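Structure at a glance
This is what each chain is made of:
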Amino acid sequence: MLKLKDLQAFYGNIQALKGISLEIQEGEIISLIGANGAGKSTTLMTISGIVPAREGEILFKDKPINKLPPDKIAALGISQVPEGRRIFPYLTVMENLDMGAFLRNDKSGVKQDLEYVLELFPILAERRNQAGGTLSGGEQQMLAISRAIMTRPKLLLLDEPSLGLAPIITKQIFEIIKKFNKESNTTIFLVEQNANLALQVADRGYVMENGVITISDTGENLLVNEDVKKAYLGI
Ligand code: ATP
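Everything numeric in this text was worked out from a predicted model, so none of it was measured.

The rules behind the values
- Residues numbered from 1 in each chain as written.
- Predicted model: local features only at pLDDT ≥ 70, side-chain atom pairs only at ≥ 80, totals over all residues.
- Heavy atoms only, no water.
- Helix = DSSP H or I, 4+ residues; strand = E, 2+ residues; numbered from the N terminus.
- Rg over C-alpha atoms; globule rule 2.2 N^0.38 Å.
- Buried < 20%, exposed > 50% of the residue type's maximum accessible area, 1.4 Å probe, protein only.
- Core = buried A, V, L, I, M, F, W, Y, C linked by side-chain atoms within 4.5 Å.
- Contact = heavy atoms within 4.5 Å.
- Near = heavy atom within 4 Å.
- Areas by Shrake-Rupley, 256 points an atom, 1.4 Å probe, with all protein chains shown as cover.
- Nonpolar A, V, L, I, M, F, W, Y, C, P; charged D, E, K, R; others polar.
- Pairing = 2+ DSSP bridges.
- Axes fitted to C-alpha atoms, helices over the stretch in contact; angles between N-to-C directions.

1. A few points about the overall build of the protein chain
In terms of regular secondary structure, the protein chain is built from 10 helices and 10 strands. A compact globule built from 235 residues would reach a C-alpha radius of gyration of about 18 Å, and the protein chain, at 17 Å, matches this within 12%. Along the three orthogonal principal directions, the C-alpha set of the protein chain runs to about 45 × 40 × 30 Å. By the burial criterion, 50% of the 235 residues in the protein chain qualify as buried.

Laid out in structure tokens, this is it:
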């Protein structure tokens, strides 16, 4: 579904991506793990067209997308939940969800998806008329993910869903991400510093260090890989 070929990206003179290659098959959950500043967020932002790729290629369903603007990339079915959530704080939960469906005109599909996300995250149903900004961090993350699901994405990009959340909430969110993937067959590319949880839900994973991919394997194998254990799992 998605192929990155020797991707390079820069912020001025700083090279954040130094030739990234990876592949994601339809229906997979792929986790990209790595330390702070490794280039994980930049990888996602390059896919969604926010940071330009200076060299290399991004293929989505075999078509190059690296020269397209972000709105055209989103219209192809690539939806990103950015780091730090960024919901609309003054809009209610329901209004935030409506914003996710803004570009859709299949009314019955939208209604169906709305019922589905409120079932996935029942707390959002309880808080449906509350302003987004008054929700807890975990609830805001659930809302941000739900808003992205409302676009009915083909590829969902999640940037550090665990950021700033209590471990028990993070675990709950990851379980729901896995459930969503299984039930909808939506492809998910997950960027995380919480390597343990990210690899537990992943079919396959990539490890990133200083702008390059250093290891790739199944989630299961990475969890027992000695280098990964030492550097990212604290074992
Ligand atoms: P984090 O978990 O902290 O978000 P990351 O792995 O996602 O880390 P990136 O945010 O992609 O890493 O950053 C990769 C490199 O690019 C780092 O060296 C970072 O300092 C640099 N960088 C990121 N954003 C900018 C920016 N807007 N301007 C300049 N340099 C940046």
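From this point, the narrative continues.
2. Topic: the nonpolar core
A general tendency of soluble globular proteins is for nonpolar side chains to be buried together. Ile33, Leu97, Leu124, Leu158, Ile188 and Val228 are the most contacted members of the largest nonpolar core, which totals 43 residues. The biggest single contributor to this core is helix H6 (residues 137–149), with 6 residues. Residue contacts for isoleucine 188: discarding those within four places in its chain leaves Glu28, Ile29, Ile30, Leu156, Leu158, Ile177, Phe180 and Asn181. Core analysis: the next-biggest nonpolar cluster, separate from the first, contains 27 residues, Leu7, Leu32, Ala53 and Ile58 among them.

3. Focus: the site of the ligand
In the region of the ligand, 14 residues are neighbours, and Asn36, Gly37, Lys40, Ser41 and Thr42 sit closest. In isolation the ligand exposes 620 Å². Once the protein is present, 63% of that is buried. Going through the elements one at a time, strand E2 (14–24) and helix H1 (40–47) are the ones with two or more residues in the shell around the ligand. Element by element, the count of residues in the shell around the ligand is highest for H1, at 3 residues. Considering only residue class, the shell around the ligand consists of 5 nonpolar, 6 polar and 3 charged.

4. Considering the sheet that holds E2
Sheet architecture is open: 4 strands sit in the order E2-E1-E4-E5, paired in antiparallel fashion. With one partner strand each, in any of the chains shown, E2 and strand E5 (63–64) form the two edges of the open sheet. As paired strands, strand E4 (residues 55–60) and E5 are joined by 2 bridges and run antiparallel to one another. Note that in E5 the partner of leucine 59 across the bridge is proline 64. On the sheet, H1 packs against strand E1 (2–11), E2 and E4 and is oriented at approximately 110° with respect to E1.

5. Concerning the environment of arginine 147
Of note, arginine 147 is situated in helix H6. Residue class for arginine 147 comes out buried when judged on its relative accessible area of 14%. In the structure, arginine 147 is positioned 14 residues away from proline 161 in sequence and 14 Å away in space, judged by C-alpha atoms. Sequence-distant contacts of arginine 147, defined by excluding residues within four places in its chain, comprise Arg85, Arg86, Ile87, Phe88, Asn96, Leu97, Met99 and Gly100.

6. Examining unusual backbone geometry
The backbone of lysine 61 shows a phi angle near 50°, a positive value even though the residue is not glycine. With respect to the helices and strands, lysine 61 occurs in the loop between E4 and E5. For aspartate 62, which is not glycine, the phi torsion reads 70° and is therefore positive. In this structure, aspartate 62 sits in the loop between E4 and E5.

7. Observations regarding the pairing of strand E10 (residues 212–218)
Pairing between strand E9 (residues 204–209) and E10: 6 bridges, direction antiparallel. Residue pairing in the sheet places tyrosine 206 in a bridge with serine 216 of E10. Two successive antiparallel strands, E9 and E10, enclose a turn made up of 2 residues, where asparagine 210 displays a positive phi of approximately 45°.

8. Comments concerning the sheet that holds strand E6 (residues 78–81)
In spatial order, the strands read E6-E7-E8-E3-E9-E10; together these 6 strands make up an open sheet with mixed pairing. Edge positions in the sheet fall to E6 and E10, since each of these pairs with one other strand and no more. Across the sheet, the mean angle from the axis of one strand to that of its neighbour is 15°, orientation sign disregarded. Across 4 bridges, the pairing between E6 and strand E7 (residues 155–159) is parallel.

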